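Geometric and topological summary
The chain contents come next:
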Amino acid sequence: MAFLGRAARRVASSARPPLPPLCRCYSSEPTKAKSVPYEKTLQPTDDASSGPTKPLPRSADVVVIGGGSLGCQTLYHLAKMGMSNVVLLERDRLTAGTTWHTAGLLWQLRPNDVEVELLAHTRNVISKDLEEETGLHSGWIQNGGLFIASNKQRLDEYKRLMSLGKVYGIESHVLSPAETKDLYPLMNVDDLYGTLYVPKDGTMDPAGTCTTLTRAATANGASVIENCPVTGIQVRADDFGVKRVKAVETAHGTIETPCVVNCAGVWATKLGQMAGVKVPLVAMHHAYVVTERIEGIQNMPNVRDHDASVYLRLQGDALSVGGYENNPVFWDEVSDDFAFSLFDLDWDVFTQHIEGAINRVPALEQTGIKSTVCGPESFTADHKPLMGEAPEVRGFFLGCGFNSAGMMLGGGCGRELAHWIIHGRPEKDMYAYDIRRFHNSLTANARWIRERSHESYAKNYSVVFPFDEPLASRNMRKDPFHQVLTEQGCVFQERHGWERPGWFNKDGAAPLKDYDYYGAYDIKKNVSYKYNKLLGNEYTFDFPPHHDVIKSECLSCRHGVAVFDMSYFGKFYLTGPDAKKAADWLFTADVNKKPGSTVYTCMLNKKGGTEADLTASRLEPGAANLPLAPQSDGDAYYLAIGGGVAEHNWNHIRTTLQDQGFRCHLTDHSEDMGMISIQGPKSREVLREVLDTDLCNEEFPFSTHKVVSAAGHQVRAMRLSFVGELGWELHIPKGSCLAVYHAVMAAGAKHGIINSGYRAIDSLSIEKGYRHWHADLRPDDTPLESGLGFTCKLKSAIPFQGRERLQSQKEEGLRRRIVCFTIDEKVPMFGLEAIFRNGTPVGHLRRSDYGFFVDKTIGYGYIRNPDGGVVSADFIKKGEFTLERMGVTYEAKAHLKSPFDPENKRIKGIYV
């Protein structure tokens, strides 16, 4: 019998050659049942070549491909929502591939409000709904969860989770080392800072869960067909040339269908290729070992020791031990024959987890190893699943890439995916999982997929800090200003592949380096890496060391003038015979003002949720002057959209045009133009020396634009502001960017002009009360709830998408609405802090930052009335509010308007 302690010492003492990055040895024999910690697995009982378990239908409304956790959950929720003509195809048996050997842990608290809600639904389905519907027990065990903190930062992270949990009614307790010892007597607590205990966490059984899910689904009319591999996806082009799903091909027949759901796990990439769809994930080995019996371990909670990167899952009177390492083994040649098989465990890779486990539970050192489990799992570039309709083919949906979390996220994601398919959008804000969060230039880039997926895997148990940035696959998209800004100390952030300025380091350049895989695979680790060192300074829940640098950038803009490089913005043209009809339908605001006008507007989904906020500028018809103006004989619009969500916006517009049958052309010139924004009281004085046009209020009013000459180069100048100051944006052809930038800096030198980055924009914009999409403005927020009712043309008779929902809200009153809060204490907040009204939780902050001009921490969050009533102005004014940050409460003042320049004088150039 092998013992954990002996195995660790044997590997540590042996001469270990460097691990190659590609190690692909596995056993083709089906694993024995005792190799996984479950009473049963859904393994084949007869020859899979005998054919499908039932005849294939000729057609189906939806075909779900893959019988793992997500496939079964999606089928279950589709059927529960009333879709009975749905079919699940599994190439082998249910749970084959990855689900059958998963650890099945469910933790209720995550540093993301939407994920907390998704996990809550999963827990509800498996612990209550399935048993009520089928009379079968899914295998759910509620033994609790325990998060281990070995340092203050880790415990601070757990306290943030605890505060968020109070909003959702999730019981959790921060325990001292002594209290932890009382709860878990076998645990070593000598090196602990504290723990977070969540009593209602637990463990799921893959086979039991999938059995009960499919039993419930088939009772509602759905079909499950096993032993039926998919061999092809038929795609057709409609009358507008749009590619759509037509049918699913198998060796045993073809099913006509307009909708396919790719739940194929590590095989999802191959399935996507059948339809011409890119599925950016990689397959890796992921392992755990199952111990022999441990006296005294019964009924103990599951454990996550994040700092040791190890988890301990209770299995009766034993433990399963696993974790995440920085040298995972890639599985590059994914085998189609791999179903209920396992890889040979690489002890050189796995030993680090044993060492961490023994340190936490010393009894493990003399405990035998009953079995090893090393199977394939799929991982993605940001450790988030891939969901939603693929941009390449209408009707092809993704439900894959779950990064070993397919069981615990399956219920929530299955419901959202079903809603997505039936209604065109999910109920919740699923942008963080939407395949459209990635730019199309990245999703087929093998280097980006591999490097980013590796880093996300290796950092899975790292503390989630608010301003962390990836090191992998940087410099994928660079604007014309990149080099000159690097030389001036720019510390870049990565968004959508773009490098955008974060803040400017006063100690010189901090260039990015090629990814070093954290020293794994015998790759030399980067040394003297200044950018990485500066990034490390961000790893705090306090103000960072460069807090004063960001303050200087903000106040220079408020009192003088600053220039912001915003080139990563999406820059689209909307033209064509139906451009005006499309603009009326797409945009909440009336953008059909005279040419030369620019309008801030939202785009909504059918439920009135905000899919985007952007500016739409109406153009003069005329000949093409690209990239500054398109060819147009009629209505034409220039759309400027936040660069981090440009792909999402592009696809929202494109699919809306397709669904409505508008004859329009949407063209992307994001790469063809740079964009700088010159903001502050002195911006007009600076630009008078650069632009050949009159910049007075009468000749160049706010929310207008015109093509002008800047230092001899044509640019489109727009009088706009995202920071609440007098200012202009210059949209500049790529080849003219540096000349215009240098002219602006030269003219601004005597006025003290400085470069500023997005950390300053974050602070300045929250101070002014401007929204950030996907922070305090999301697809599940309407403009009325988010304080953007002024962007909606409700007083007109012009129909627009989502209008009916807004009209209903206006008549019925708002059940939730955004509120601004300030506190007097000089403490940072980042979002997720709990909001209490008269001692009762009513919401949480979505976004928070420090406002340097008002000298206060500012936060925005949506609040509800605990009684379910309308959230009126009186409800806000008469309440006493507190914010809870890491378990500590602070008195807060609620504001119905921004505390900074509420009368909007500064953007009009009125400085008193």
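Preceding block: the structure.
Small disclaimer: the values here were computed from a predicted structure and weren't measured. (Residues numbered from 1 in each chain as written. Predicted model: local features only at pLDDT ≥ 70, side-chain atom pairs only at ≥ 80, totals over all residues. Heavy atoms only, no water.)

Before going further, it helps to spend a moment on the pattern of salt bridges. One pass over the full model with this rule turns up 51 salt bridges. Of the charged contacts, one joins Arg93 and Glu226 as a salt bridge, the two residues approaching to 3.9 Å between their closest N and O atoms. Taken together, the residues span a long stretch of sequence, with Arg93 in the loop between β2 (86–89) and β3 (105–106) and Glu226 in the loop between β8 (223–225) and β9 (230–237) at a distance of 133 residues. Pair check on accessibility: Arg93 and Glu226 agree, each one buried. Note that Asp659 is salt-bridged to Arg394, the shortest N-O span being 3.2 Å. Here Asp659, found in helix α15 (residues 646–660), pairs with Arg394, found in the loop between β18 (386–389) and β19 (396–400); they are 265 residues apart in sequence, far enough to count as distant. A relative accessible area of 45% means that Asp659 is categorised as partly exposed. Arg394 gets classed as buried once you look at its relative accessible area, which sits at 12%. Because the salt bridges share partners, they merge into one network encompassing Asp781, Glu785, Arg805, Arg816 and Arg846. (Salt bridge = Lys/Arg side-chain N within 4 Å of Asp/Glu carboxyl O. Helix = DSSP H or I, 4+ residues; strand = E, 2+ residues; numbered from the N terminus. Buried < 20%, exposed > 50% of the residue type's maximum accessible area, 1.4 Å probe, protein only.)

What the rule picks out here adds up to six cavities of 30 Å³ or more. In this structure, the largest cavity is lined by 18 residues; those nearest its centre are Phe467, Pro544, Arg759, Phe830 and Asp849. Sorting the residues of the lining of the largest cavity by element identifies α13 (547–559) and β35 (840–851) as the ones contributing at least two each. In terms of residue count, the dominant contributor to the lining of the largest cavity is β35 (three residues). A per-class count over the lining of the largest cavity returns ten nonpolar, four polar and four charged. (1 Å grid on protein atoms, 1.4 Å probe; cavity = no way out; pocket = protein on both sides within 12 Å on 5 of 7 lines; lining within 4 Å. Points joined across faces, edges and corners; volume = space filled by probe spheres on them. Nonpolar A, V, L, I, M, F, W, Y, C, P; charged D, E, K, R; others polar.)

Position of Arg816 among the secondary structure elements: in strand β33 (residues 816–823). Side chain to side chain, Arg816 and Asp781 meet in a polar contact 3.0 Å long. A distance of 2.7 Å separates the side chain of Arg816 from the side chain of Glu785, its partner in a polar contact. Sequence-distant contacts of Arg816, that is, excluding residues within four places in its chain, are made with Asp780, Asp781, Glu785, Arg846, Tyr862, Ile863, Arg864 and Val871. (Polar contact = N/O pair within 3.5 Å; in protein donor to acceptor, adjacent residues only side chain to side chain. Contact = heavy atoms within 4.5 Å.)

With their axes 13 Å apart at the nearest point, helix α2 (residues 69–80) and helix α3 (residues 113–134) run at an angle of 65° to one another. The handedness of the crossing between α2 and α3 comes out as left-handed. Listed contacts from α3 to Gln73, Tyr76, His77 and Lys80 of α2 are His121, Val125, Ile126, Asp129, Leu130 and Glu133. Taken together, the residues that form the contact of α2 with α3 break down as four nonpolar, three polar and three charged. (Axes fitted to C-alpha atoms, helices over the stretch in contact; angles between N-to-C directions. Left-handed = near helix turned anticlockwise from the far one by under 90°.)

The strand order around the closed barrel formed by six strands is β33-β36-β35-β34-β37-β38, and the pairing between neighbours is antiparallel. For this sheet, the mean inter-axis angle between neighbouring strands, taken without regard to orientation, is 40°. Relative to strand β38 (residues 888–895), strand β37 (residues 881–885) runs antiparallel, the two sharing five bridges. Paired with Glu884 across the bridge in β38 is Thr889. Packed onto the sheet, helix α4 (residues 152–167) meets β34 (834–837), β35 and β37 and runs at close to 135° relative to β35. Where helix α18 (residues 758–768) meets the sheet, its contacts fall on β35 and β36 (856–864), and the angle it forms with β35 comes to roughly 125°. (Pairing = 2+ DSSP bridges.)

Nothing here speaks to function; it is all geometry.
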